[in-house]
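Descriptive analysis of the structure
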Amino acid sequence: MKSFKNRDFLTLMDYSQDEILRIIDLSDELKEKRVNGESHAYLQGKTVAMIFEKHSTRTRLSFQAGAAHLGLQAFYMDPSTMQISRGESLMDTAKTIDRYADALVIRTHEQAIVNDFAKYMDRPVINALTNESHPCQLLADIQHVREKMGRLKNLKIGYVGDVWNMAHSWGIVSSIFGWDMMYALPKKYEHLFWPRAKEFIEKTNKETGGSFTMTQNLKEAITDADVVVGITFVSMTRGATEEDMKKKLAEFMPYQINTEVMSWAKDDGIFMHCLPAHRGEEVTNEVIDGPQSFVFDQAENRMHTEKALMALLLGGIE
Ligand code: CP
Ligand code: NVA
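An account of the accompanying structure is given in this report.

Rules behind the numbers
Residues numbered from 1 in each chain as written. Chains lettered and ligands numbered in written order. Predicted model: local features only at pLDDT ≥ 70, side-chain atom pairs only at ≥ 80, totals over all residues. Heavy atoms only, no water. Disulfide = S-S within 2.5 Å. Buried < 20%, exposed > 50% of the residue type's maximum accessible area, 1.4 Å probe, protein only. Helix = DSSP H or I, 4+ residues; strand = E, 2+ residues; numbered from the N terminus. Pairing = 2+ DSSP bridges. Right-handed = clockwise from strand over helix to strand, strands pointing away. Near = heavy atom within 4 Å. Polar contact = N/O pair within 3.5 Å; in protein donor to acceptor, adjacent residues only side chain to side chain. Areas by Shrake-Rupley, 256 points an atom, 1.4 Å probe, with all protein chains shown as cover. Nonpolar A, V, L, I, M, F, W, Y, C, P; charged D, E, K, R; others polar.

Once that is clear, we can look at the state of the cysteines. One pass over the structure, following the stated rule, counts 0 disulfides. Free of any disulfide, C136 has its nearest neighbouring cysteine sulfur in C274, separated by 12 Å. A relative accessible area of 0% means that C136 is categorised as buried.

Okay, unusual backbone geometry next. In this structure, P276 follows L275 across a cis peptide bond, with omega equal to 10°. Tracing the sequence through the fold places P276 in the loop between β9 (270-273) and α11 (285-288). Mapped onto the fold, L275 is located in the loop between β9 and α11.

Taking burial as the measure, the 5 residues of strand β6 (residues 180-184) include 4 buried ones, the bulk of the element. Here 5 bridges tie strand β5 (residues 156-160) to β6, and the two strands are oriented parallel to one another. In the sheet register, V160 faces β6, and the bridge partner there is A184. For the crossover from β5 across helix α6 (residues 165-177) to β6, the handedness is right-handed.

This part covers the site of ligand 1. All residues in the neighbourhood of ligand 1 are listed as S56, T57, R58, T59, R107, H134, Q137, C274, L275 and R302. In this structure, S56 approaches ligand 1 through a side-chain N or O atom, which is 2.6 Å from an oxygen atom. In this structure, an oxygen atom belonging to ligand 1 sits 2.7 Å away from a main-chain N or O atom of T57. The fraction of the free accessible surface of ligand 1 (250 Å²) that becomes covered by protein chains is 96%. Of the residues in the shell around ligand 1, the class split is 2 nonpolar, 5 polar and 3 charged.

Structural data, given as structure tokens:
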């Protein structure tokens, strides 16, 4: 396995199944250490810079809390008060951060922006969400699936929600693990799937036996699913007008996950949601608060998996 030290974490397409499992296994260990109150300050004296150009509750807090547990100091920088908002170039900003911090965690718009930071920085760049991908969320989700389902093999995933970062990231992970991935969505949104991810998924599925299907038939996507994934119908989308959002919401409403929809999944199937949830839109209260949903356990895993990721990329653990 390639060393993790100093690697970027921009998309899960850059990581093999074994490498992902190494992160998840370490995350399990760190989770246990935290439960047992054992110190795990593997990154004492190091620093991580954090730039968030979009809203966040879980990602920002889980990175900051996780950094503290590792003995790592996290600095949050509000982009609106940085010189980049007054026209300083991305390159100059990246090269400056590289001199102070041991890593950068960044949530931004286009994937090209995180790629550019990675190009200009020697230190690791961690993608905390772009329009195209949300790889940190998927680390937590993989750990959650293994905890709740007891396995990472032979899974059917039924995905309902926006064709955006989470759709692409679930597709990438499903192909790496050989899962059957079914998306239910209005036809007109199918073509929005990130072409780079689609190409990777098609190629990887041929090697792992996974499948990728898009359907307008919600029942087909959810029937016998081990995991039902609900995602907001309207993501944090730059440029969308209020009118566009209302229209999109109306088009997606027939795909809401309610109790009847959830009953089509396997009896031991689980509901997952990265949060924030828009209760009454993509999911009803009965489902998200119901017996097949553990969304706060899922959210907790953001912290454990990000700690494992930082410990490996920043060289605290080989
Ligand atoms: N799931 C997730 O990324 O949540 P936040 O937007 O609150 O960070
Ligand atoms: N698809 C959502 C994910 C939020 C964590 C968005 O980008 O708004």
